[in-house]
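The lines below spell out each chain.
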Amino acid sequence: MIQGTFWRVAGLAQQSPVEAILDREEFTLEELLEEEDLIQECKSLNSRLVTYLRREDVVDQLLTYLFQPPTEQQNLKYPYVACEVFCCDVDAVYGTMLEKPKLLDKLFAFLSAPRPLDALTAGYFSRVVACLLARRPQELGAYLCDRRQEALARMCEHVETPSVAELLKKLYGADPEGGGMGGGMGMCLGGMGGMGMMGGAGGNGGGASDVTSWIADSDVLPALVKATCGSQGDAASRGAADVVVSVARNAPPYLRAALLGDKTITEQLVACAVEGALDDDPASSAAAVAPRCALDVCAAMCLPSEMDRRAADNTLPHSQGSMNFDNLGGGFFGGGGGFLGSGGMGVDDDDEPGGSDGAGGDGSDIEARRVVARLIAARATELAAFLQTNDAPANPPEPLDVDELDGDDPIGARQRFLPVAHGYLLPPLGARRLGVARLFSAIARSGDCESMRVLAKEGVCQKLMALCIRYPFHSALHHEAYAVANLMLGAALDPALALTQAAPASPAQDGDGENDDGAAAAAAAAAECREVADLCLRSVLEEPCALATCLASAPPTVGGGERAPGEALFCLRKIRAGYMGHFIKLSNRLVELTSEGGSALESSFARSRGKRDPPTPEETAEEEAREASKAWARDVLASNTAWTSYLDDDLARYNADADVNSWQCGRPARMGSNSLSGDEDDSMSSMFGSGMAGMHAALGGMGDLASSLDDEDDEDEDEDE
């Protein structure tokens, strides 16, 4: 058996230069760092090299080179090679570092440097700590636990550095690339609870070990929220918001609960989100970055975690995670089924109120999200003011060349001027208004009654639809507007989107008194949900929103004429409006929810129940109330002449054009459709018959050759017998 490394195999290659250096009695670390084969020898675990590198003085010198300022061209190589040596998964080197606290002190002393950190050196530091975190999470966790007021606090001070922000995500088990919910390969401290080294599974357990329980109680999250609100500048706001959003989405349950359960954090973020005026110009509003970051964090806190969403993908009917093709019938826009329509795909997974409330969601997490939604909804009036549409100039500039803009503030005009492929926008939608739209959509998805009541009273659906018409090619805005409108409609009309409200806890009593109080509390909660659902339905269908009128009167094309005063889009040629896909989908959804036959989701739930006991009185009352709401909605739509005309003409034409079963080219899969007629059968048979004949001729009788070979094999088998 050949001993040694690849370089020592006789006849294949010469001896490694590293071996030649190790054979000498005296040599220096710099000589090894100069060799190109050093990394390969480390990865192959050369025993002599590992014995040398694990020495305390050598590890100390490697740390010195790791943070060496890149002043000379020759010295640029040493930090890189030192980082690669630490990242070669040499367990003996890790053992030396963790056994000697002064080496770890030297490693984390890099965070004591003044802001901003050198990006290259910070990347080396992040890689080394991440490798230690992946291989020795318990030992590193014990070290950080003893020094949490120093190391983690310094990380928060340097959160504007992307490498440090990514390292904080890994510490919390919130790095999506590392697997999320515990970081996959134990690459987190937050996910060690429950299963020790394997943080990925421990995060799902929801518990924290003795070593890592301090993370949830530390001051890291408040410090990151403070940085998000602009205490350290715009760059720190972006970095801190990125970390907090990742914690809200991907962190283990007990760390996510520490974020959502702190009302002070939510109030601080909401106060930051509503401050200032609607102004996305960097020159005129230096603090505009912090409110936008706060909006993103608030939206992430209202939505379920990725773990709950993935669990819901396999349980919710017709969800995006498990596409149900049985009902995929007609068109792309859902007229009788389709890729964008709720009839074929069901309601989008991210439009389910409460996310995974009915499928794998933690009860405490659901309630925490609703509390967050209520705190944000309390400032809904101030947030809704950002959805204004009256900020366009009365006399827009005619030239399309940005260099020709002039006036009292030509620099500000250029910043608010956005050239696009089809013309220009003045002003553009802006990240802040889009953030407010996303936040309202997240609040609606929380399924909380009080929050939905506030959205209905503030006319959020009407304002979002007006923005969609004003910005006809902003698909992200259109998606959020559709989600809000669909949820407000479904709250009253669709049992799968019905609002849910936890009944208040009743005092413990003996005998039947406790059951009576619980039933009364549940009945009161159900009545409140029905009241809010009716309020949402009326706010969407009645004036001033009048969703049906908005959908029917929305122009299918934009541009081609002079820009009217107050409009944001200037387009020289007439093109199809980008919002038509979402509007047609929403129109079909409205037709489906108000139809007498019930929605597809109702039918699926009825099928899933199968043969069961007769419905309870509460279920019967709920069904009767829903049918009454449907009857009222049908009466409102029937009295709307614009809607009835749109339903019979434009919408029917759109659905017919999108019906894949009626296409004459391509022949897509006809799932759930009738069989071909006799003439079509003949034409298809002749087409395939001629094609097969041509293929047989091209193969030149290879089928006969294969048959003859099979016959010979059979003869051989007979002879063997």
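For the structure itself, consult the block above.
What counts as what
- Throughout this document, residue positions are counted from 1 along each chain, in the order its sequence is written.
- Note on the predicted model: pLDDT of at least 70 is required for a residue's local features to be given, and 80 or more for side-chain atom pairs to be given and counted; whole-chain, interface and lining totals, by contrast, use all residues.
- Note: side-chain values were computed over all heavy atoms of the structure, leaving out hydrogens and water.
- Each helix is a run of DSSP H or I of at least 4 residues and each strand a run of E of at least 2, with the numbering of both proceeding from the N terminus.
- Only protein chains enter the area calculation, which uses a 1.4 Å probe; residues under 20% of their type maximum are buried, those over 50% are exposed, and those in between are partly exposed.
- The contact criterion used throughout is that any non-hydrogen atoms of two residues lie within 4.5 Å.
- The Shrake-Rupley method, run with a 1.4 Å probe sphere, supplies the accessible areas, and residue values consider only the shown protein chains as cover.
- A helix is expected to reach a length of 1.5 Å times the quantity of its residues less one.
- Pairs of N or O atoms are called polar contacts if they sit within 3.5 Å, as long as, within protein, a hydrogen donor faces a hydrogen acceptor (for residues adjacent in sequence, only side-chain-to-side-chain pairs).
- When the centres of two rings from Phe, Tyr and Trp lie within 6.5 Å, Trp using its six-membered ring, the rings pair. Their planes under 30 degrees apart give stacked, over 60 give edge-to-face, and anything left gives tilted.
- In this scheme, the term charge over a ring applies when either NZ of a lysine or CZ of an arginine sits within 6 Å of the ring centre and within 35 degrees of the ring normal.
- By convention in these notes, a salt bridge is any Lys or Arg side-chain nitrogen within 4 Å of a carboxyl oxygen on Asp or Glu.
- DSSP bridges decide pairing: two strands pair if at least two such bridges lie between them.

*Asks:* Can you explain the overall build of the chain? Please cite residues and give values.
*Replies:* When helices and strands are tallied, the chain shows 37 helices and five strands. By the burial criterion, 46% of the 721 residues in the chain qualify as buried. Look at the contacts in the chain between residues 6 or more apart in sequence, and 71% of them connect residues 24 or more apart. Accessible surface, the chain as shown: approximately 33400 Å² in total, 53% of it carbon and sulfur.

*Asks:* Lay out helix α9 (residues 119-135) in plain terms, naming residues and giving numbers.
*Replies:* Taking 1.5 Å per residue as the helical rise, α9 with its 17 residues ought to reach 24 Å, and the 25 Å between its terminal C-alpha atoms agrees with that figure. Counting buried residues along α9, 13 of its 17 residues qualify, which places the element largely inside the surrounding structure. Residue aspartate 118 occupies the N-cap position of α9, its side-chain oxygen lying 3.4 Å from the main-chain nitrogen of leucine 120.

*Asks:* How would you summarise the packing of aromatic side chains if you had to cite specific residues and measurements?
*Replies:* If you walk through the whole model with that rule in mind, you get nine aromatic pairs. Ring pairing ties together the aromatic residues Phe67, Phe108, Phe110, Phe125 and Tyr143, which thus form one cluster. Note that arginine 538 overlies the ring of tryptophan 632, its terminal NZ or CZ placed 4.3 Å from the centroid.

*Asks:* Go over the environment of serine 587 with me, naming the residues and quoting the values.
*Replies:* Assignment of secondary structure puts serine 587 in helix α31 (residues 580-594). With sequence-adjacent residues up to four places away left out, serine 587 is seen in contact with Leu551, Trp643, Tyr646 and Leu651.

*Asks:* I'd love a proper account of the pattern of salt bridges, names of residues and values included.
*Replies:* Enumeration over the complete set of coordinates arrives at 32 salt bridges. The residue arginine 127 makes a salt bridge to glutamate 84 at a minimum N-O spacing of 2.8 Å. Taken together, the positions of arginine 127 in helix α9 and glutamate 84 in helix α6 (residues 77-86) put the pair 43 residues apart, joining distant regions of the chain. The exposure class assigned to glutamate 84 is buried, which follows from its relative accessible area of 13%. Each of Arg530, Asp534, Glu622, Glu623 and Arg626 takes part in a single network of salt bridges with overlapping partners.

*Asks:* Please provide a residue-by-residue account of the sheet that holds strand β4 (residues 569-570), values included.
*Replies:* Read from one edge to the other, the open sheet built from three strands follows the order β1-β2-β4, with strand pairing classed as antiparallel. Of all the strands in the sheet, the pair left with one neighbour each is β1 (418-420) and β4. Both strand β2 (residues 423-425) and β4 contribute to a ladder of two bridges, which runs antiparallel. Bridging from a neighbouring strand, leucine 425 pairs with leucine 569 of β4.

*Asks:* With reference to specific residues and values, describe unusual backbone geometry.
*Replies:* Residue proline 116 follows arginine 115 across a cis peptide bond; omega there is -10°. Secondary-structure assignment places proline 116 in the loop between α8 (101-108) and α9. Glutamate 543 connects to proline 544 through a cis peptide bond whose omega is 5°. If you trace the backbone, proline 544 turns up in the loop between α29 (512-541) and α30 (547-553). Of note, leucine 45 is a non-glycine position whose phi angle comes to about 55°, a positive value. Tracing the chain through its elements places leucine 45 in the loop between α3 (38-43) and α4 (47-53). One non-glycine residue, aspartate 89, lies in the positive phi region at around 60°. With respect to the helices and strands, aspartate 89 occurs in the loop between α6 and α7 (91-99). Here aspartate 89 falls in the partly exposed class, since its relative accessible area comes to 36%.

Everything listed here is a matter of coordinates, which is why it stays silent on function.
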